[in-house]
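What follows is the residue order along each chain.
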Amino acid sequence: MTDPVTRCRARSAGYQLLSIAFAHPISEITAQLEDGRFQSAFAGHMETVFGRIPPLPRLTLAPSSFGSAYIALFERGTRGRPPVPLCTGEYMQLLDGRPRPEVLLDHVRFYRHFGLKVRGHGEDNELPDHLCCQLEAMAWLGELEARARREGKRTGGLERAQADFLDKLLIPFLDRFVPTLELEVSRRGGDPLFAALGGAAASLTTWHAHELGAALPAPPVHALADKPLTEEQNLWG
């Protein structure tokens, strides 16, 4: 059986890879999605953690067309709204009647508590409720848990934080995002890889939440302290 530190690191790498996949395409990643290197790496990490592999097909679009297909799905649309928004605040059901700045603040507070730096105004970055940022946050928490386990420290607080973030922020977003993505890809006759990546994110978070739930049957509401728990890191690289 894989040791807990290795499992934490593999799960963290899975979140990291998905964050990269949902970011605006760059040629190096597009090439790996086309030749299967990305899929192989992700499958290896998921097998290490869960013994299961969400199926990820290779990119069938020409690499030169992948960027425009990504933009058409996630960045541009009619009336200035993309068909499949990547930000929580774009889904009215998730706002629950609150103004969007409150939703952004929920994310920012969480990130800051765990030493994740939010970039200043005017810099090139996604909003705090962007899917890539949420996946990056889970990757960082996994790394913190791996460090704590390696040093023989308690991990209950980090496990509760991950359970709370999944339960209150990331999984509710994916519950809206993934069906929207699948429907739009089907409607447009788009590359199946897009929908498969959404399904992989849903699988990873669901399996992870199930593991955490088994260990922590009733995780409390996460109380955020003013002082970060770790040295400050930049969430967006």
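Everything in this summary refers to the structure shown in the same document. In this text, all values refer to a predicted model and were calculated from it rather than measured experimentally.

Let us look at the pattern of salt bridges. On inspection of all chains with the given rule, the structure shows 17 salt bridges. The partner of Glu211 in a salt bridge is Arg7, with the nearest N and O atoms 2.8 Å apart. With a gap of 204 residues between them, Glu211 in helix H9 (residues 192-215) and Arg7 in helix H1 (residues 4-22) connect regions that are remote in the sequence. Residue classification places Glu211 among the partly exposed positions, given a relative accessible area of 30%. Look at Arg7 and you get buried, because its relative accessible area is 16%. A cluster of three or more residues bridged by salt bridges with shared partners is formed by Arg11, Glu145, Arg149 and Glu159.

Looking now at the side chain of Glu145. Inspection of the secondary structure assignment puts Glu145 in helix H7 (residues 131-150). Excluding its chain neighbours within four sequence positions, the residues that come into contact with Glu145 are Cys8, Arg11, Thr155, Leu158, Glu159 and Gln162.

The next subject is the environment of Leu127. Counting through the fold element by element, Leu127 comes out in the loop between strand E1 (116-117) and H7. Of the residues examined, Leu127 reaches a relative accessible area of 39% and is grouped as partly exposed. In sequence terms Leu127 and Leu86 are 41 residues apart; their C-alpha atoms lie 9.7 Å from each other.

It is worth spelling out the packing of helix H4 (residues 63-74) against helix H8 (residues 156-188) at this point. At a minimum axis separation of 11 Å, H4 and H8 run at an interaxial angle of 125°. Classified by the interaxial angle, the pair formed by H4 and H8 is oblique. Both H4 and H8 take part in a crossing whose hand is right-handed. When H4 is examined against H8, the residues Ala72, Leu73 and Phe74 are found in contact with a partner set consisting of Phe177, Leu181, Glu184, Val185 and Arg188. When grouped by side-chain class, the residues that make up the contact of H4 with H8 number 6 nonpolar, no polar and 2 charged.

Attention now moves to the environment of Arg76. Checked against the element boundaries, Arg76 lands in the loop between H4 and helix H5 (92-95). Dropping the residues within four chain positions of it, Arg76 is found in contact with Ile71, Arg81, Pro82 and Pro83.

With that out of the way, let us pick up the nonpolar core. Of all hydrophobic cores here, the largest spans 62 residues; its most connected members are Phe22, Phe74, Leu131, Leu170, Phe177 and Leu181. Taken together, the elements giving at least two residues each to this core come down to H1, helix H2 (27-35), helix H3 (37-50), H4, helix H6 (100-113), H7, H8 and H9. Among the elements that make up this core, the one with the highest residue count is H8 (14 residues).

With the rule as written, the count across this model stands at 0 disulfides. This cysteine, Cys87, is not joined by any disulfide, and Cys133 carries the nearest cysteine sulfur, 7.8 Å off. A relative accessible area of 10% places Cys87 in the buried class. Left unpaired, Cys132 is separated from the closest cysteine sulfur, that of Cys133, by 6.8 Å.

Here we take up the packing of aromatic side chains. The final tally for this structure, using the stated rule, is 12 aromatic pairs. With a centroid separation of 5.9 Å and an interplanar angle of 70°, the aromatic rings of Phe74 and Phe194 are classed as edge-to-face. Separated by 120 residues along the polypeptide, Phe74 in helix H4 and Phe194 in helix H9 bring together distant segments of the chain. The class of Phe194 is buried, set by a relative accessible area of 4%. Pairing Tyr111 with Phe165 gives two aromatic rings, centres 6.3 Å apart and planes at 45°, and the pair type is tilted. In this pair, Tyr111 is assigned in helix H6 and Phe165 in helix H8, connecting sequence segments 54 residues apart. An aromatic cluster is present here, built from Phe22, Phe66, Tyr70, Phe74, Tyr91, Phe173, Phe177 and Phe194 joined pairwise through their rings. The cationic tip of Arg52 hangs over the ring face of Trp207; the distance from NZ or CZ to the ring centre is 4.3 Å. The ring of Tyr91 has Arg81 sitting right over it, with the charged end atom 5.9 Å from the ring centre.

Definitions and cut-offs
Each chain has its residues counted from 1, running along the sequence as written. In keeping with the model being predicted, local features are shown solely for residues with a pLDDT of at least 70 and side-chain atom pairs are shown and tallied solely at 80 or more, while totals for entire chains, interfaces and linings include all residues. Side-chain metrics in this entry use all non-hydrogen atoms of the structure; hydrogen atoms and water are not considered. Salt bridges are defined as contacts in which a side-chain nitrogen from Lys or Arg sits within 4 Å of a carboxyl oxygen from Asp or Glu. By definition, any uninterrupted DSSP run of H or I lasting at least four residues is a helix, any uninterrupted run of E lasting at least two residues is a strand, and each is numbered from the N terminus. Only protein chains enter the calculation, and the probe is 1.4 Å; a residue is then buried if its accessible area is under 20% of its type maximum, exposed if over 50%, and partly exposed in between. Any two residues whose heavy atoms approach within 4.5 Å are treated as being in contact. Helix axes are fitted to C-alpha atoms over the stretch in contact, other axes to C-alpha atoms as well, and angles between N-to-C directions run from 0 to 180 degrees. What sets the label is the angle itself: under 35 degrees gives roughly parallel, over 145 gives roughly antiparallel, 65 to 115 gives roughly perpendicular, and the rest give oblique. The sense of a crossing depends on the near helix, which, turned anticlockwise from the far helix by less than a right angle, makes the crossing left-handed and, turned clockwise, makes it right-handed. Following the grouping adopted for this structure description, the nonpolar residues are Ala, Val, Leu, Ile, Met, Phe, Trp, Tyr, Cys and Pro, the charged ones are Asp, Glu, Lys and Arg, and the polar ones are all others, Gly among them. Residues enter a nonpolar core if they are buried and are Ala, Val, Leu, Ile, Met, Phe, Trp, Tyr or Cys, with the set joined through side-chain atoms within 4.5 Å. Throughout, a disulfide means two cysteine sulfur atoms within 2.5 Å of one another. For Phe, Tyr and Trp, rings pair up if their centres lie within 6.5 Å, where Trp contributes its six-membered ring, and each pair is then called stacked (planes under 30 degrees apart), edge-to-face (over 60) or tilted (otherwise). Placement of a positive charge over a ring is assigned whenever Lys NZ or Arg CZ falls within 6 Å of the ring centre and within 35 degrees of the normal to the ring plane.

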